[in-house]
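Here's the letter readout for the chains.
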Amino acid sequence: MTKTSTSKTNVNLQNHSMFQPRTDIESDAEIDLFYDQIKSKLDRLAKNPQDETINKILAYSRSK
Amino acid sequence: MNLQSYNDQDLVKLYVTGNENGLQELLRRHKSKIYTSIYLLVKDQYLAEDIFQDAFIKVINTLRSGRYNEEGKFLPWVMRIAHNLVIDYFRKEKRTPIITSSDGMDVFNTLQFYDESAEDKMLRDQTHKDLKAMIQLLPDEQKEVLLMRHYADLSFKEIADLTDVSINTALGRMRYALSNLRKMLKTKEMTYKG
């Protein structure tokens, strides 16, 4: 007789499935809405290089 | 001369013919897009400054030598150079760079929100830090697409060309990045509430 079993490793897939492909229920509209909601937050992470760095680049350019 | 109405290609031509203002305007226009993308990839301010500078030195050398392909767009081209320098750095180092400081707020933000309550400020700082940390938790290929799309303002075609994948793959990675950020934020909210 052949014995069958179910792998226990699949039971808690949810715990490490954060970065697995989307399979489900999340619609494109939901994702678009979410993106709209976080755009301003993402914008606040934007940064500029220091003026010193810009000046070095311009000085290099003038020296060429 | 008002250079703000010039497109990038005109500014490049101006610079190549010897007018330094062309480069100055290109830098003013794109520095934040390019620098933010580099910074969020390498997570180190000083390293980001170096890579940004090296990228523009390559830009200057290429433009001065007349090797720039005018058919290409300026920003995607610089992003490609910067992207390659970031990859080179990680290849050489084979390690994740150390985050030098929590760096938090810049002066502009401090001034902009000077009149908010201490509690609001704490919450905003926390969200700022959380989001930055969550972006760092994304798989590299998803993080890359998110940064190039949001900060560098590249099209999916340009991102696809730059990362050697199809447009559909680039689109998919952006969706996964957003989906994963959404999950992480939800989890975080539940932690706060719980």
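Residues numbered from 1 in each chain as written. Chains lettered and ligands numbered in written order. Predicted model: local features only at pLDDT ≥ 70, side-chain atom pairs only at ≥ 80, totals over all residues.

1. Examining the overall build of chain A
What counts, and what does not: Working definition: helices are DSSP H or I runs of at least four residues, strands are E runs of at least two. Numbering for both runs from the N terminus. In this scheme every C-beta is placed from the backbone, and a residue whose C-beta has 20 or more other C-beta atoms within 10 Å is buried, one with 12 or fewer is exposed, and one in between is partly exposed.
The helix and strand tally for chain A stands at two helices and zero strands. Evaluated residue by residue, chain A yields a buried proportion of 6% over its 64 residues.

2. Concerning the overall build of chain B
Cut-off, in case you're wondering: Contact between residues is assigned whenever the C-beta positions, reconstructed from backbone atoms, fall within 7 Å.
Across its full length, chain B carries nine helices and zero strands. Mapped from its N terminus to its C terminus, chain B presents α and β elements in the order α-α-α-α-α-α-α-α-α. Pairs at least 24 apart in sequence give 63% of the contacts found in chain B among residues at least 6 apart.

3. Some points on the environment of Arg62 of chain A
All names here are of chain A. Tracing the chain through its elements places Arg62 in helix H2 (residues 51-63). When the 10 C-beta atoms within 10 Å are taken as the criterion, Arg62 is described as exposed. In the structure, Arg62 is positioned 23 residues away from Lys39 in sequence and 38 Å away in space, judged by C-alpha atoms.

4. Quick word on helix H7 (residues 140-150) of chain B
Most of H7 of chain B is tucked away: eight of the eleven residues are buried. Among all positions in H7 of chain B, only Gln142, Glu144, Val145, Leu146, Leu147, Met148, Arg149 and His150 of chain B are buried.

5. What to know about unusual backbone geometry
Residues and elements named next belong to chain B. Not every positive phi belongs to a glycine, and Lys43 is a case in point at roughly 60 degrees. In this structure, Asp153 is a non-glycine residue whose phi angle is positive, near 65 degrees. Classification of Asp153 as partly exposed rests on a count of 14 C-beta atoms within 10 Å.

6. Brief notes about the UniProt feature "domain: RNA polymerase sigma factor 70 region 4 type" (unreviewed entry) in chain B
Keep this limit in mind: UniProt positions are given in the numbering used here, feature names are shortened, and annotations may be inferred rather than shown by experiment.
Under the feature "domain: RNA polymerase sigma factor 70 region 4 type" (unreviewed entry), the UniProt entry names residues 130-170 of chain B. Summarising residues 130-170 of chain B: 76% helix, 0% strand, and an end-to-end C-alpha distance of 25 Å.

7. Let's talk about the interface of chain A and chain B
What counts, and what does not: Classification used: nonpolar for Ala, Val, Leu, Ile, Met, Phe, Trp, Tyr, Cys and Pro, charged for Asp, Glu, Lys and Arg, polar for all others including Gly.
Counting from both sides, the interface comprises 27 residues of chain A and, opposite them, 31 residues of chain B. Elements supplying a minimum of two residues to the side of chain A that touches chain B: helix H1 (28-44) and H2 of chain A. Split by residue class, the side of chain A that touches chain B holds 15 nonpolar, four polar and eight charged.

8. A look at the packing of H2 of chain A against helix H2 (residues 20-42) of chain B
Quick note on the threshold: Interaxial angle, 0 to 180 degrees, is taken between N-to-C directions of lines fitted to C-alpha atoms, where a helix line uses only the stretch in contact. Working rule for angles: under 35 degrees goes down as roughly parallel, over 145 as roughly antiparallel, 65 to 115 as roughly perpendicular, anything else as oblique. Note on convention: near helix rotated counterclockwise from far helix by under a right angle means a left-handed crossing. Clockwise means right-handed.
Here H2 of chain A crosses H2 of chain B at 155 degrees, and the two axes come no closer than 11 Å. Put simply, H2 of chain A runs roughly antiparallel to H2 of chain B. Once H2 of chain A is placed against H2 of chain B, the crossing between them reads as right-handed. Along the contact surface, H2 of chain A presents Ile54, Ile57, Leu58, Ser61 and Arg62 of chain A, while H2 of chain B presents Glu20, Leu23, Gln24, Leu27 and Lys31 of chain B. Its residues assigned to classes, the contact of H2 of chain A with H2 of chain B comprises five nonpolar, two polar and three charged.

9. With respect to the nonpolar core
Residue and element names in this part refer to chain B. This is how it is decided: Any nonpolar core is a set of buried residues, restricted to Ala, Val, Leu, Ile, Met, Phe, Trp, Tyr and Cys, that join up through C-beta atoms within 7 Å.
In this structure, Ile34, Ile38, Phe52, Met79, Met148 and Ala177 are the most contacted members of the largest nonpolar core, which totals 42 residues. Considering every element that reaches this core, the biggest residue donor is H2, with ten residues. When sequence neighbours within four positions are dropped, the list of residues in contact with Ile34 reads Phe52, Val78, Met79, Ala82 and Ala152.

10. Thoughts on the environment of Glu20 of chain B
Mapped onto the fold, Glu20 of chain B is located in helix H2. When neighbours within four sequence positions are excluded, Glu20 of chain B is seen to be in contact with Leu58, Ser61 and Arg62 of chain A.

11. Remarks on the confidence of the model for chain B
Residues and elements named next belong to chain B. Applied cut-off: Think of pLDDT as the predictor's per-residue confidence, scored from 0 to 100.
With 82% of its residues at a pLDDT of 70 or more, chain B shows a mean pLDDT of 84. In the model of chain B, helix H5 (residues 107-112) stands out as the element of lowest mean pLDDT, 33, in contrast to helix H3 (residues 45-65), which has the highest, 96. Contacts for the low-pLDDT stretch residues 96-115, under 50 throughout, to residues beyond four places or in other chains number 15 contacts. Among the scores for the predicted complex, ipTM is 0.76 and pTM is 0.74.

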